Protein chains: 4
Amino acid sequence: MDPKQPEELPLAPWRRRLHEIIFEADTPGGKTFDVGLFLLIGISLLVVILESVAAIRSEFGDQLLQMEWIITILFSIEYVLRLISVGRPMSYALSFFGIVDLLSVLPTYASLVFTGAHSLLVIRVLRLLRIFRVLKLGRYVGESEQLWQALTASRRKISVFLFAVLTIVVVVGASMYVIEGEEHGFSSIPTAMYWAIVTMTTVGYGEITPQTPLGRSLAAVLMILGYGIIAVPTGIVTAELTDIGRGHLNTQSCPSCAREGHSPDAVFCRHCGSQL
Amino acid sequence: MDPKQPEELPLAPWRRRLHEIIFEADTPGGKTFDVGLFLLIGISLLVVILESVAAIRSEFGDQLLQMEWIITILFSIEYVLRLISVGRPMSYALSFFGIVDLLSVLPTYASLVFTGAHSLLVIRVLRLLRIFRVLKLGRYVGESEQLWQALTASRRKISVFLFAVLTIVVVVGASMYVIEGEEHGFSSIPTAMYWAIVTMTTVGYGEITPQTPLGRSLAAVLMILGYGIIAVPTGIVTAELTDIGRGHLNTQSCPSCAREGHSPDAVFCRHCGSQL
Amino acid sequence: MDPKQPEELPLAPWRRRLHEIIFEADTPGGKTFDVGLFLLIGISLLVVILESVAAIRSEFGDQLLQMEWIITILFSIEYVLRLISVGRPMSYALSFFGIVDLLSVLPTYASLVFTGAHSLLVIRVLRLLRIFRVLKLGRYVGESEQLWQALTASRRKISVFLFAVLTIVVVVGASMYVIEGEEHGFSSIPTAMYWAIVTMTTVGYGEITPQTPLGRSLAAVLMILGYGIIAVPTGIVTAELTDIGRGHLNTQSCPSCAREGHSPDAVFCRHCGSQL
Amino acid sequence: MDPKQPEELPLAPWRRRLHEIIFEADTPGGKTFDVGLFLLIGISLLVVILESVAAIRSEFGDQLLQMEWIITILFSIEYVLRLISVGRPMSYALSFFGIVDLLSVLPTYASLVFTGAHSLLVIRVLRLLRIFRVLKLGRYVGESEQLWQALTASRRKISVFLFAVLTIVVVVGASMYVIEGEEHGFSSIPTAMYWAIVTMTTVGYGEITPQTPLGRSLAAVLMILGYGIIAVPTGIVTAELTDIGRGHLNTQSCPSCAREGHSPDAVFCRHCGSQL
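We now turn to the structure provided with this report. For clarity, every value in this text was computed on a predicted model and none was experimentally measured. (Residues numbered from 1 in each chain as written. Chains lettered and ligands numbered in written order. Predicted model: local features only at pLDDT ≥ 70, side-chain atom pairs only at ≥ 80, totals over all residues. Heavy atoms only, no water.)

## What about the overall build of chain A?
- A count of helices and strands for chain A gives 11 helices and zero strands.
- Going through the 276 residues of chain A one by one, you find that 47% of them count as buried.
- Across chain A, contacts joining residues at least 24 apart in sequence account for 54% of those joining residues at least 6 apart.
- By element, 67% of the accessible surface of chain A is carried by carbon and sulfur atoms, the whole surface being about 12,900 Å². (Helix = DSSP H or I, 4+ residues; strand = E, 2+ residues; numbered from the N terminus. Buried < 20%, exposed > 50% of the residue type's maximum accessible area, 1.4 Å probe, protein only. Contact = heavy atoms within 4.5 Å. Areas by Shrake-Rupley, 256 points an atom, 1.4 Å probe, with all protein chains shown as cover.)

Quick look at the structure:
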């Protein structure tokens, strides 16, 4: 999912310049391109969203179709430019974003041939993920990095947690299928498992609800469990964030007094004052 | 949103006195005025709320109308006094609270001319925000300041989080619109996005629910995501509050390099090594 | 709500003994009495609960009535004994538990005279609060004290938080009443405020839901706010619990090296080894 | 629930080898057996789940029945091998997993004699718990141990919390039964308690909702309580996880007095003052 590194073979200067504009975020040209692209993606999303509303489609259908073609052509040009500016076009074309970029222009062209292809335009929302590049700009780098670091550091604890949650969902779901049965809406084990997830995450739609005393008791236990167990991922992420924020992950020790626990930006030991 | 500073030109003594009473919170006169105003705002809110209940309106309609006029006249006097007592009346009149103060008396007067204007009285609830001044009184200052500091310190991490949440809402909303379609209540992408927010925040009204196996699976993933991801803002705010509460953000500054942010047990400045 | 202290006038030895059994928790007699009372309260609750179920009432009505009378008589004896054993009977009789104790026997006697008085037996559930004495026994003292201490320490921050939540509820409730109106179920401002609480706490019953695009947008903002803002009380309580658990509230400093931050059970300084 | 230790009497070498394969997780044979067993349990679960879906059962009923018999026979062989390989077969047979292992093969055999016995196959989902052994493999040991340690360390605080929650549920449930009554769906105290749990845990199905102003006010209080009180278990678990993660519960014991629980930067024992 990373934009490809330019390959060793030197690119022609205009291609190198193009690459810089399209793939770099910290040059003036790159920034302008990014902002323009983000705007275009935002507009294309708006068009897709507005088109899905019946009242708007019936009134402004033609204008929206026009907009769609303009955006499609601009996106097509961008796709071709990307292909040209990278050293290894195939590796871009087969990357996640390469496929998304292609899929977000195809439906419009396909709609000329097939009816119905048009509804595939929704794929375009995936281009929204490109906007995450915005996090690479300026002062959000550190913040999003810290969040990511905390989530990465806790990913194993969270796996154990999810594993336990899914086991509870299977066991409770299967039990409710037997206890409540099809006449109360628990028509199969997958449905009962869906109900268990809806209940345990405290979403609680209420289209399927237990009716028997035993079913309600088990549901009550599941609710209290789901309500209390949320403490676990919260605790995990909080502990990591506290550690990261305070630089406890820094294991540098003072060369003179050997004490640890310095914050990552410390230059002098806070206990004996000698240089780190 | 801050009450304006008196301008440089000296005000007449009675206007300065008036200003002190109306805009200061820590003089005896100011305190009395604030308490009186809070009571009046409370009563005006009660009148608006009671008037909205059909049964009460039909029985006590006349008394409520009387109350409303009394309150409107008192609020009008207050508005005029505020205009008089500040040095630059326009800058108050155009401030957030200046506009709210005006808008909360206009509907009553407008109801003499237009029918229906009366329902705009609801704007009056915005005066409730004035009550937040109560936090400036006495011992809540420190507490609300700490909370505010924690929220401010974490605002960038929270922006990144909200940004991720909204991206998920758009992507899942658009997918559900395609998967479930209009016959199951996902009548447009905005509706599907509304459903995604209802589900991800674990509110779960249940007026729109997925019916197809694929839609239910995606909904289950969204629920577990929403259930687990709440750990992130919680972790952010907790980490900040823990730091603030423990003086990790203490304001001692180095006598030699003037940098702040030393841990409370630091003996030497971690930047320049001089003794604290 | 505290059991009264015996007054200065010396009680007769048998009354002092009675007082010890009934009001103390740490003597053998007191423990036996407490356990017996907890069992009796548990049984009386079970009788009240079972009696409310129509199917059980119609079949076992007579037995339950019998049980009820036995329990009422035992509770009456307990009440009289409590009155006798304390030095100042009136101050017990007028205390919270004194009134609860009286109210939990009156309905049964009243049912001899008035029909319908019987349903007041539900008051008996308040006797359940007596069971909290169990927390005074043995090893739960420290744990519940820590929790209580954390909640007490954060009560001002939590007040500020609740104050902000209620303001949001009033402002959003009043706005939704205007936006959605009576035809979509927001029949009065109190109803709309009830809906705002149901939504903001992520309960989401779904009997009242917004229908207009503007209403749904405001609801979405409220949901995300409610979803994210839960981080605040969580952060507050966590920060306090972390501090308490780690003895950071202890400000004792070492007499020889003057360092602080010792855990509350420390006898020797962990930095220089001298006695604290 | 632990696999039994081999008894003192020496087992025949082949039985000892069998025991090693079946009960140990860290030998090559044991790992292969575990992986095979996990796959088989996964498949058996899938068969049970698919069989509960009417559409699949009617089409693939025969194939599923075949699969079920194959799995039953394999599970039976496993059960017999387990009985053979342990020193004390009875203590395995009566252990939790011994009973689950037996119960997950019985229904298939019983279905030859009784109709209906087949639906008991759902018991098989309990075999899923065996998969928790996977946590003993490799790098998840430390992570799941930390989580477990945090939950164990906070179990008393959590008991106090659950105790308080259940008291609130009983008191509010009984009150709502009286306030709302049977005509609004609160048909008995157990039903009202079920509603209180649904509301307090913020699940909010919405099949039972208060209608009277008093009932709605009490419900609003319960919601805000439930919404805010989640901070307590979260705070408890977070505080423990933070401590564990940072080695505040480190297991270094004093060489002179053998006490544990020193903070990681301690140089001297805080109990007896001798150097660590």
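Back to the text.
## Comments concerning the interface of chain B and chain C
- Taken together, the contacts link 48 residues of chain B with 48 residues of chain C.
- Joining chain B to chain C, the criterion identifies zero salt bridges.
- At the surface where chain B touches chain C, the tally comes to five residue pairs in polar contact (both at pLDDT 80 or more).
- When contributions to the side of chain B that touches chain C are tallied by element, the ones reaching two or more residues are α2 (28-51), α7 (140-153), α8 (155-179), α9 (189-200), α10 (213-229) and α11 (231-245) of chain B.
- Of the residues belonging to the side of chain B that touches chain C, the class tally is 31 nonpolar, 12 polar and five charged. (Salt bridge = Lys/Arg side-chain N within 4 Å of Asp/Glu carboxyl O. Polar contact = N/O pair within 3.5 Å; in protein donor to acceptor, adjacent residues only side chain to side chain. Nonpolar A, V, L, I, M, F, W, Y, C, P; charged D, E, K, R; others polar.)

## With respect to empty space enclosed by the protein
- Summed over all chains, the structure comprises four cavities of 30 Å³ or more.
- Within this model, the largest cavity holds a volume of roughly 300 Å³.
- What lines the largest cavity is a set of 23 residues, and nearest its centre among them are I230(A), I230(B), I230(C), T202(D) and I230(D).
- Secondary-structure elements contributing two or more residues to the lining of the largest cavity are α10 (213-229) of chain A, α10 (213-229) of chain C together with α10 (213-229) of chain D.
- Residue composition of the lining of the largest cavity, grouped by class: eight nonpolar, 15 polar and no charged. (1 Å grid on protein atoms, 1.4 Å probe; cavity = no way out; pocket = protein on both sides within 12 Å on 5 of 7 lines; lining within 4 Å. Points joined across faces, edges and corners; volume = space filled by probe spheres on them.)

## Regarding helix α1 (residues 13-23) of chain B
Residues and elements named next belong to chain B.
- By the burial criterion, the buried members of α1 are L18, H19, I22 and F23. Projected onto a plane normal to the axis of α1, the buried residues spread over an arc of 100 degrees and lie on a single side. Across from the buried face of α1, at angles greater than 90 degrees, the exposed residues are P13 and W14. (Arc of directions from axis to C-beta.)

## Side note on the pattern of salt bridges
All names here are of chain C.
- In total, this model carries 12 salt bridges over all chains according to the counting rule given.
- Notably, a salt bridge pairs R17 with E20, separated by 3.5 Å at the nearest N-O pair. Of the two residues, R17 and E20 are both situated in helix α1 (residues 13-23); the distance of three residues between them amounts to about one turn of the helix.
- The partly exposed category is assigned to R17, whose relative accessible area is 47%.

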